[in-house]
Amino acid sequence: GAVVSQHPSWVICKSGTSVKIECRSLDFQATTMFWYRQFPKQSLMLMATSNEGSKATYEQGVEKDKFLINHASLTLSTLTVTSAHPEDSSFYICSAKRGSSYNEQFFGPGTRLTVL
Amino acid sequence: SQQGEEDPQALSIQEGENATMNCSYKTSINNLQWYRQNSGRGLVHLILIRSNEREKHSGRLRVTLDTSKKSSSLLITASRAADTASYFCATPAGGTSYGKLTFGQGTILTVHP
């Protein structure tokens, strides 16, 4: 159990377009999901916390209007990169938190975004 | 600077040898986790050690936690080529159990067959 999926696994888009990435918890309900960004050979940087039914909480330096997060159900959160530019090219990883004790969360396989 | 600094940044060993990675953190925590990431893939949870634990084992993995030194180590014994990956420690952001994690910079482990 505790599987998190992401779709798509990779995407190539033109500069100026918007891209939506889905994160789903397949066999559990996740009231909280997290979105991370990872540049090559670097660590994961938390972008935002997504709570079901409420607005996402963004980390300092992350543009809310550029990275739109929607958590419409207990099993789905979406990250939309609006008006993507080449510098947005990165590996985006989501995680879903199960339960309230400690930090039991499970990570998706990631989405590779390349903006041309 | 980021909570969770790791060393070494890269480690190259032969199959069968042991690999030790270290992680230091700055604020008080109630737990610390280690994750593995194969190239271009998501994270796999390896082990969680709570602040009241000093050592924990899982298969070929041994994790220690020294809260007085704010450091942790991950030991992989009898390494295999399949252990080649990046390893990250993660601590609760701000020391909370809310779920936000701060990741270390990671150690890139290469195990040569």
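Look above for the structure.
Small disclaimer: the values here were computed from a predicted structure and weren't measured.

1. Quick word on the overall build of chain A
Logical step 1: The number of helices and strands found in chain A is zero helices and eleven strands.
Logical step 2: Traced from its N-terminal end to its C-terminal end, chain A shows the element sequence β-β-β-β-β-β-β-β-β-β-β.
Logical step 3: Relative to a compact globule of 116 residues, whose C-alpha radius of gyration would be 13 Å, chain A shows 13 Å and is just as compact.
Logical step 4: Across its three principal axes, chain A shows a C-alpha extent of roughly 40 × 25 × 25 Å.
Logical step 5: Expressed as a percentage of the 116 residues in chain A, the buried residues total 53%.
Logical step 6: Relative to all contacts within chain A whose residues are 6 or more apart in sequence, the contacts with residues 24 or more apart total 54%.
Logical step 7: Here chain A displays about 5,600 Å² of accessible surface, and carbon together with sulfur accounts for 52% of that area.
Logical step 8: The positive charge centre, built from 11 side chains, and the negative charge centre, built from 9, are 3 Å apart in chain A.

2. A short note on the interface of chain B and chain A
Logical step 1: On the side of chain A, 23 residues touch chain B, which itself brings 22 residues to the contact.
Logical step 2: Overall, the association of chain B and chain A removes approximately 1,800 Å² of surface from exposure, summing both partners, and the carbon and sulfur fraction of that is 54%.
Logical step 3: Run the count over chain B and chain A and you get one salt bridge.
Logical step 4: Two residues, K100 of chain B and E59 of chain A, come together in a salt bridge whose shortest N-O distance is 2.9 Å.
Logical step 5: For the interface between chain B and chain A, the tally reads four residue pairs in polar contact (both at pLDDT 80 or more).
Logical step 6: Looking at the side of chain B that touches chain A, the elements with two or more residues in it are β4 (31–37), β5 (43–50), β9 (85–92) and β10 (101–103) of chain B.
Logical step 7: Per-element accounting of the side of chain B that touches chain A gives the leading share, four residues, to β4 of chain B.
Logical step 8: Class assignment for the residues of the side of chain B that touches chain A results in seven nonpolar, twelve polar and three charged.

3. Here we look at the packing of aromatic side chains
Residues and elements named next belong to chain A.
Logical step 1: What the rule picks out here adds up to eight aromatic pairs over all chains.
Logical step 2: Between the aromatic rings of F67 and Y92, the centroid separation amounts to 6.4 Å while the plane-to-plane angle is 45°, which identifies the pairing as tilted. You can see F67 sitting in strand β7 (residues 67–73) and its partner Y92 sitting in strand β9 (residues 90–97), a full 25 residues away along the chain. The same class applies to F67 and to Y92, which are both buried.

4. Focus: the sheet that holds strand β3 (residues 19–24) of chain B
Residue and element names in this part refer to chain B.
Logical step 1: In spatial order, the strands read β1-β3-β8-β7-β6; together these five strands make up an open sheet with antiparallel pairing. With one partner strand each, in any of the chains shown, β1 (5–7) and β6 (55–58) form the two edges of the open sheet. Within this sheet the neighbouring strands show an average axis-to-axis angle of 15°, counted without direction.
Logical step 2: By the bridge criterion, six bridges tie strand β7 (residues 61–66) to strand β8 (residues 71–76) in an arrangement that is antiparallel. Note on β8: the bridge partner recorded for V63 is L74.

Here is what the cut-offs are and how they apply
- Residues numbered from 1 in each chain as written.
- Chains lettered and ligands numbered in written order.
- Predicted model: local features only at pLDDT ≥ 70, side-chain atom pairs only at ≥ 80, totals over all residues.
- Heavy atoms only, no water.
- Helix = DSSP H or I, 4+ residues; strand = E, 2+ residues; numbered from the N terminus.
- Rg over C-alpha atoms; globule rule 2.2 N^0.38 Å.
- Buried < 20%, exposed > 50% of the residue type's maximum accessible area, 1.4 Å probe, protein only.
- Contact = heavy atoms within 4.5 Å.
- Areas by Shrake-Rupley, 256 points an atom, 1.4 Å probe, with all protein chains shown as cover.
- Lys, Arg positive; Asp, Glu negative; His and termini not counted.
- Charge placed at Lys NZ, Arg CZ, Asp CG, Glu CD.
- Buried area = accessible area lost by both parts, 1.4 Å probe.
- Salt bridge = Lys/Arg side-chain N within 4 Å of Asp/Glu carboxyl O.
- Polar contact = N/O pair within 3.5 Å; in protein donor to acceptor, adjacent residues only side chain to side chain.
- Nonpolar A, V, L, I, M, F, W, Y, C, P; charged D, E, K, R; others polar.
- Phe/Tyr/Trp six-rings, centres within 6.5 Å; stacked < 30°, edge-to-face > 60°.
- Pairing = 2+ DSSP bridges.
- Axes fitted to C-alpha atoms, helices over the stretch in contact; angles between N-to-C directions.

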